[in-house]
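Structural overview for review
Letter by letter, the chains look like this.
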Amino acid sequence: MKKVGIVGWRGMVGSVLINRMNEEEDFKYINTSFFTTSQTGQKAPGIINAEPILLDAYSIEDLAKMDIIISCQGGDYTQKVYPLLKEIEWSGHWIDAASTLRMSDEAIIILDPINESKIKSSLKFGNKTWVGGNCTVSLMLLAIHGLIKEGAVEWVSSMTYQAASGAGANNMRELLVQMGQLYDSAESEINKPNFNILDIDYAVLDKMHSADFTRDNFHVPLAGSLIPWIDQDLGNGISKEEWKGQSETNKILIGEYKSIRVDGLCTRIGSMRSHSQALTIKLKKNYEVDEINDLIKSSNQWVTLIPNDKESSIHNLSPSAVSGTLNIAIGRIRKLALEDNMISAFTVGDQLLWGAAEPLRRMLRILIDKDDSTF
Ligand code: HSE
């Protein structure tokens, strides 16, 4: 059995990964060591075939004994530890959730429903560094997989509605704290039978602007508001999250599909863990909506086409409908009255599952199963 080290298993993405590995019984097929940055020597989680004691996540000697390391520990950890393993010519596989190595030549961005053949050929050629993609990119590609396979897409504009989870666990909690504070600020008026909505609105706005409103992580209100910028400011009017849309998409597609232009604005909204995106897609020719729907429906087993009507859309095409599942919902598909061959679509997927943990888990299965693609 392959020795697999897991780092960052207690964090948000790591916990989702461990849950999925339990559900799919992945631990049966590996010998797992749990690494820690702070509790070396303490008891490890009681999981089948796992070593009983936590190992030091900074011990290059212990890490180097692993055939495969999965890191959900974050970019700083990758930056510190990965070069040290390379320096001693460690021959194992590094699977990473952090973005640090994504665009480096040695890394393949893993999203196997889309680029399985590239993953497998790179594996044959000795590639050892596998990095999960940006969540928005992975979720979009899975949603429009059918159009990409067909070579139908000229460009995509993705306007995102990204969940708090993408910013981290503390941010998710802060969103709820903000919601609670806003409610508390207007509670007495809210509960009056003859409430005055403008009094409620002024109280909420006052609270958002007050010095004691909690904003340690987001720096600004998210509850009752939104944040039209995600990740770093690249200094040219583009956010790093927006830059990833173009660059990572094409790194995933290169070698198997035609490249596509991707651009749009990324926005943080007050949903918990599912990212949504409103897409404007310029197609290469005039497809009928039924043809588009058929291409999308048949592309992969996770995509669910939601009929473009009000009832289906409000019930099935939202963060609350898909969160906690591997379902990639896509709907609101119609021709736009703007230009020929231009359609709209709206898609939503769980940012922690397909957007983060699931591609890592599936990469592990590719490494341990080699030719078995039935997982
Ligand atoms: N950058 C994403 C976000 C998270 O902030 O929502 C994961 O790729």
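See above for the structure.
Cut-offs applied
- Residues numbered from 1 in each chain as written.
- Predicted model: local features only at pLDDT ≥ 70, side-chain atom pairs only at ≥ 80, totals over all residues.
- Heavy atoms only, no water.
- Patch = residues over 30% accessible without salt bridge, like charges linked within 9 Å, V, L, I, M, F, W, Y side chains within 5 Å.
- Areas by Shrake-Rupley, 256 points an atom, 1.4 Å probe, with all protein chains shown as cover.
- Salt bridge = Lys/Arg side-chain N within 4 Å of Asp/Glu carboxyl O.
- Lys, Arg positive; Asp, Glu negative; His and termini not counted.
- Charge placed at Lys NZ, Arg CZ, Asp CG, Glu CD.
- Helix = DSSP H or I, 4+ residues; strand = E, 2+ residues; numbered from the N terminus.
- Near = heavy atom within 4 Å.
- Polar contact = N/O pair within 3.5 Å; in protein donor to acceptor, adjacent residues only side chain to side chain.
- Nonpolar A, V, L, I, M, F, W, Y, C, P; charged D, E, K, R; others polar.
- Pairing = 2+ DSSP bridges.
- Axes fitted to C-alpha atoms, helices over the stretch in contact; angles between N-to-C directions.
- Buried < 20%, exposed > 50% of the residue type's maximum accessible area, 1.4 Å probe, protein only.
- Phe/Tyr/Trp six-rings, centres within 6.5 Å; stacked < 30°, edge-to-face > 60°.
- Expected span 1.5 Å × (residues − 1).
- Bend = angle between axes of the 7 residues up to and from the residue.
- Disulfide = S-S within 2.5 Å.
- Contact = heavy atoms within 4.5 Å.

**Side note on a negative patch on the surface**
A cluster of acidic residues, Glu 150, Glu 288, Asp 290 and Glu 291, forms a negative patch at the surface. Relative to the helices and strands, Glu 150 is located in the loop between helix 6 (145-149) and strand 8 (153-161).

**Re the site of the ligand**
Near the ligand you find Asn 134, Cys 135, Gln 162, Gly 166, Ile 230, Glu 241, Arg 268, His 275 and Gln 351, and these make up its full shell. Between an oxygen atom of the ligand and a main-chain N or O atom of Cys 135, the distance comes to 3.0 Å. Within the side chain of Glu 241, one N or O atom sits 2.8 Å away from a nitrogen atom of the ligand. Looking at the shell around the ligand, its residues break down into two nonpolar, five polar and two charged.

**Overview of the sheet that holds strand 13 (residues 342-350)**
Here we have six strands laid out as an open sheet, ordered 9-8-10-13-12-11, and mixed in their pairing. Each having just a single partner strand, strand 9 (261-263) and strand 11 (303-305) make up the two edges of the open sheet. On average, each strand axis in the sheet is tilted by 25° relative to the strand beside it, whichever way the strands run. Pairing analysis gives eight bridges linking strand 8 to strand 10 (residues 274-283), with the strands arranged antiparallel. In the sheet register, Met 159 faces strand 10, and the bridge partner there is Ala 278.

**Concerning the side chain of Glu 174**
Along the polypeptide, Glu 174 turns up in helix 7 (residues 169-190). Despite being buried, Glu 174 has no salt bridge partner; Arg 215 is the closest side chain of opposite charge, sitting 7.7 Å away. Polar side-chain contacts of Glu 174 include one of 2.8 Å to the backbone nitrogen of Phe 218.

**Thoughts on the packing of aromatic side chains**
Inspection of the entire model under this criterion finds six aromatic pairs. Their ring planes at 65° and their centres at 5.1 Å tell us that Trp 9 and Phe 34 sit as a pair that is edge-to-face. With Trp 9 in the loop between strand 1 (2-7) and helix 1 (12-23) and Phe 34 in strand 2 (residues 30-36), this residue pair connects regions lying 25 residues apart in the sequence. Note on accessibility: Trp 9 and Phe 34 belong to one class, buried.

**Brief notes about helix 4 (residues 112-124)**
A rise of 1.5 Å per residue sets the reference length of helix 4, with its 13 residues, at 18 Å; its end C-alpha atoms lie only 15 Å apart and thus fall more than 12% short of the reference. Roughly 35° is the biggest bend found in helix 4, and it falls at Lys 118. Regarding helix 4, the residues found buried are Asp 112, Pro 113, Ile 114, Asn 115, Lys 118, Ile 119, Ser 122 and Leu 123. Gly 126 sits one or two positions beyond helix 4 and adopts a positive phi of about 95°.

**Concerning the state of the cysteines**
Summed over the entire model, instances satisfying the criterion amount to zero disulfides. Cys 72 carries a free sulfur, and the closest cysteine sulfur to it, the one in Cys 135, is 14 Å from it. The closest cysteine sulfur to the non-disulfide-bonded Cys 266 is located on Cys 135, 9.2 Å from its own sulfur. Residue classification places Cys 266 among the buried residues on the basis of a relative accessible area of 5%.

**Brief notes about the pairing of strand 7 (residues 129-132)**
The alternating pattern of strand 7 places Thr 129 and Val 131 and Trp 130 and Gly 132 on opposite faces, both of which are buried. Here three bridges tie strand 5 (residues 93-96) to strand 7, and the two strands are oriented parallel to one another. Note on strand 7: the bridge partner recorded for Trp 94 is Thr 129. Here strand 6 (residues 107-110) runs beside strand 7; their pairing, made up of four bridges, is parallel. Of the residues in strand 7, the one forming a bridge with Ile 108 is Trp 130.

**Things to note about the environment of Ala 57**
In this fold, Ala 57 is placed in the loop between strand 3 (55-56) and helix 2 (60-63). Along the backbone, Ala 57 and Asp 201 are 144 residues apart, and their C-alpha atoms lie at a distance of 49 Å. Aside from chain neighbours lying at most four places away, what touches Ala 57 is Val 7, Phe 35, Thr 36, Thr 37, Leu 63, Tyr 77 and Val 81.

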